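# A look at the structure
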Amino acid sequence: MELEPLDEDLEEYLRSILDGADASGAAMVDVFDVPEYWELKRQGYFADASEYMDCSASVRLSYGALRYFERKEKWEASRIAAAAGDAGKSLGEKIVDKAVDAAVTFAARSAGM
């Protein structure tokens, strides 16, 4: 599962919008004149956005925004599982290497080398 995680500031800003959103993803943003708003908009986290003169905005969050934290949890879990699998594999490879070294040493000693 490929996911490009947001940095912490963007996640906090997205979380604050999600907390105020209704079931359809519609939300009001009190102040849109911040870099986090523009970056989320640039990255497509808003399906629709209307900015107003008082620096507020109404947005409709995209499907990706609505599911971001669920996807991130799954992505983190898959990374942990992959890392655990790699660690086990590396340990197994080390055991095989040691066994091969021991067998070669034993064979060499048995042959009188």
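Scope of this entry: the structure provided in the associated data block. (Residues numbered from 1 in each chain as written. Predicted model: local features only at pLDDT ≥ 70, side-chain atom pairs only at ≥ 80, totals over all residues. Heavy atoms only, no water.)

Right, let's get into the overall build of the chain. Per the secondary structure count, the chain includes 4 helices and 3 strands. Order of helices (α) and strands (β) in the chain, N terminus to C terminus: α-β-α-β-β-α-α. Counting every position in the chain, which comprises 113 residues, the buried fraction comes to 23%. Counting only carbon and sulfur atoms, one obtains 56% of the accessible surface of the chain, whose full area is about 7900 Å². (Helix = DSSP H or I, 4+ residues; strand = E, 2+ residues; numbered from the N terminus. Buried < 20%, exposed > 50% of the residue type's maximum accessible area, 1.4 Å probe, protein only. Areas by Shrake-Rupley, 256 points an atom, 1.4 Å probe, with all protein chains shown as cover.)

A few words on the nonpolar core. One finds L14, I17, Y37 and L40 to be the most contacted residues of the largest nonpolar core, which totals 21 residues. Taken together, the elements giving at least two residues each to this core come down to helix 1 (8–20), strand 1 (26–29), helix 2 (35–42), strand 3 (57–61) and helix 4 (68–110). Of the residues forming this core, the biggest block, 5 residues, is contributed by helix 1. Once you skip the residues sitting within four places of it in the chain, L14 turns out to touch L6, L40, Y45, L61, A65, Y68 and F69. (Core = buried A, V, L, I, M, F, W, Y, C linked by side-chain atoms within 4.5 Å. Contact = heavy atoms within 4.5 Å.)

Whether parallel or antiparallel, the strands of a sheet pair through hydrogen bonds between backbone atoms. Spatially, 1-3-2 is the arrangement adopted by the 3 strands of the open sheet, whose pairing is antiparallel. Taken across any chain shown, the strands that pair with only one partner, and hence form the sheet edges, are strand 1 and strand 2 (46–51). Between one strand and the next, the sheet's axes are offset by a mean angle of 20°, whatever the strand orientation. For strand 2 and strand 3, the ladder comprises 5 bridges, and the chain directions are antiparallel. Opposite E51, over in strand 3, you have A57 as the bridge partner. The strands touched by helix 1 are strand 1, strand 2 and strand 3; relative to strand 1, the strand with the most contacts, the crossing angle is about 120°. Here helix 2 sits on the sheet and contacts strand 1, strand 2 and strand 3; the angle it forms with strand 2, its principal contact strand, is near 140°. (Pairing = 2+ DSSP bridges. Axes fitted to C-alpha atoms, helices over the stretch in contact; angles between N-to-C directions.)

On to helix 1. Three- or four-residue spacings in an α-helix give side chains the same orientation, since the helix completes a turn every 3.6 residues. For helix 1, which comprises 13 residues, the first-to-last C-alpha distance of 19 Å matches the rise-based estimate of 18 Å (1.5 Å per residue) to within 8%. When helix 1 is considered as a whole, its buried residues turn out to be L10, E11, Y13, L14, I17 and L18. Viewed end-on, helix 1 has its buried residues packed into an arc of 165°, placing them on one side of the element. Residues of helix 1 that are exposed and point more than 90 degrees away from the buried face comprise E8, D19 and G20. Here helix 1 starts with a cap whose side-chain oxygen sits 3.2 Å from the backbone nitrogen of D9, and that cap is D7. (Expected span 1.5 Å × (residues − 1). Arc of directions from axis to C-beta. Polar contact = N/O pair within 3.5 Å; in protein donor to acceptor, adjacent residues only side chain to side chain.)

It is worth stressing that arrangement in space is one thing and function is another; only the former is reported here.
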